[in-house]
Amino acid sequence: MQQQRRRHTASSITACAQKLVVDHGLDGFTLNDLAARVGVSRRTLFNYFPGKLDAVVGVKPELPAQDQAEFVGGGPTGDLVEDVILMVRRLVDTGELTSTELARTRRVLASEPRLIVHASERLERDCAHMVDLLLQRQGAGLDRDRAELLVRVLACSIDTALSRFLSLPEGSARSWADVLTDTIRDVRDLFR
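What comes next is a walk through the structure.

Definitions and limits used
- Residues numbered from 1 in each chain as written.
- Predicted model: local features only at pLDDT ≥ 70, side-chain atom pairs only at ≥ 80, totals over all residues.
- Heavy atoms only, no water.
- Phe/Tyr/Trp six-rings, centres within 6.5 Å; stacked < 30°, edge-to-face > 60°.
- Helix = DSSP H or I, 4+ residues; strand = E, 2+ residues; numbered from the N terminus.
- Buried < 20%, exposed > 50% of the residue type's maximum accessible area, 1.4 Å probe, protein only.
- Lys NZ or Arg CZ within 6 Å of the ring centre and 35° of its normal.
- Patch = residues over 30% accessible without salt bridge, like charges linked within 9 Å, V, L, I, M, F, W, Y side chains within 5 Å.
- Areas by Shrake-Rupley, 256 points an atom, 1.4 Å probe, with all protein chains shown as cover.
- Salt bridge = Lys/Arg side-chain N within 4 Å of Asp/Glu carboxyl O.
- Contact = heavy atoms within 4.5 Å.
- Polar contact = N/O pair within 3.5 Å; in protein donor to acceptor, adjacent residues only side chain to side chain.
- Core = buried A, V, L, I, M, F, W, Y, C linked by side-chain atoms within 4.5 Å.
- Axes fitted to C-alpha atoms, helices over the stretch in contact; angles between N-to-C directions.
- Parallel < 35°, antiparallel > 145°, perpendicular 65-115°, else oblique.

Following the criterion strictly, the structure yields one aromatic pair and no others. Relative to tryptophan 176, the ring of phenylalanine 165 has its centre 6.0 Å away and its plane inclined at 45 degrees; by these criteria the two rings are tilted. With phenylalanine 165 in helix α9 (residues 144-166) and tryptophan 176 in helix α10 (residues 176-190), this pair connects stretches of sequence that are 11 residues apart. Take phenylalanine 165 and tryptophan 176: they sit in the same class, and that class is buried. The side chain of lysine 52 reaches across the aromatic face of phenylalanine 29, ending 4.5 Å from its centre. In this structure, arginine 137 is placed above the aromatic ring of phenylalanine 71, and the distance from its NZ or CZ to the ring centre is 4.7 Å.

Shown next, in the form of structure tokens:
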């Protein structure tokens, strides 16, 4: 319950921050303005995000340490691609991001070069972490260049899946995680 309330507050902060960017630009509001709009103290904002850019970009999903350990150990299924799919699903399958929120985030990020740079830097760190997990799991069976290639293909697949998800008709029963899973499997099938 506490975790759910925390996610809801973080989502509210991000939604307000993104609306402020749309209405006033990134430099058109302060963290005090954001705190007042959300109805929390400035200090509370820092309990959720280290700064304005992170508040606008949103919560960075984290894979629990036990899930990472399971992946590195060869699980949960033993099939590398299926295990990557399960890891990515666990990151995105919170059931909280609607197509409207995802579309808004994409528009806001594209509207401001500093947000693009910030999101790209965060993605680079996430990709490097995923490469490390792959290398730990596969050992000598996968060199760094191939691990990086796999992660780059995965990142492109996520972007493609987002476009596919956002183009679904209103009221579609397909979730973001389902579309992402299908897209990664489509990529795998192309290389068979």
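Now that the structure is up, let's keep going.
A surface patch of nonpolar side chains, amounting to about 460 Å² of accessible area, comprises Leu149, Val153, Leu190 and Phe191. Looking at where valine 153 falls in the secondary structure, it is placed in helix α9.

Let's shift gears to the environment of histidine 118. Along the chain, histidine 118 falls in helix α8 (residues 113-138). Judged by relative accessible area, which is 13%, histidine 118 ranks as buried. Setting aside its immediate chain neighbours within four residues, histidine 118 contacts Leu53, Asp54 and Val57.

What follows concerns the side chain of glutamate 82. Here glutamate 82 lies in helix α6 (residues 80-92). Under the relative-accessibility criterion, glutamate 82 is labelled buried at 18%. At a separation of 2.8 Å, a polar atom in the side chain of glutamate 82 contacts the side chain of arginine 188. Not counting chain neighbours up to four residues away, the residues in contact with glutamate 82 comprise Thr77, Arg185 and Arg188.

Before going further, it helps to spend a moment on the nonpolar core. The biggest cluster of nonpolar side chains holds 26 residues, and the ones touching the most others in it are Phe71, Val84, Met130, Leu134, Trp176 and Leu180. Breaking this core down by element, the ones donating at least two residues are α6, α8, α9 and α10. Apart from residues no more than four positions distant in its own chain, phenylalanine 71 is found in contact with Leu80, Asp83, Val84, Met87, Met130, Leu133, Leu134 and Arg137. Counting residues in hydrophobic clusters, the runner-up holds 19 residues, among them Val21, Leu26, Val57 and Leu109.

Attention now goes to the environment of arginine 42. In this structure, arginine 42 sits in helix α3 (residues 42-48). For arginine 42, a relative accessible area of 39% corresponds to the partly exposed category. It is 6.6 Å that separates the C-alpha atoms of arginine 42 and leucine 31, two residues lying 11 residues apart in sequence. Once residues lying within four places of it in the same chain are set aside, the contact partners of arginine 42 are Leu31, Asn32 and Ala35.

Among the secondary structure elements, aspartate 83 is positioned in helix α6. Discounting chain neighbours no more than four positions away, the residues touching aspartate 83 are Phe71, Gly74, Gly75, Pro76, Thr77, Gly78 and Arg137.

Moving on, we come to the packing of helix α5 (residues 65-72) against α8. Two elements in contact, α5 and α8, have axes whose closest approach is 8 Å; the angle formed by their N-to-C orientations is 45 degrees. Classified by the angle between their axes, α5 and α8 sit oblique to one another. Of α8, the residues touching α5 (which contributes Gln68, Phe71 and Val72) are His129, Met130, Leu133, Leu134, Gln136 and Arg137.

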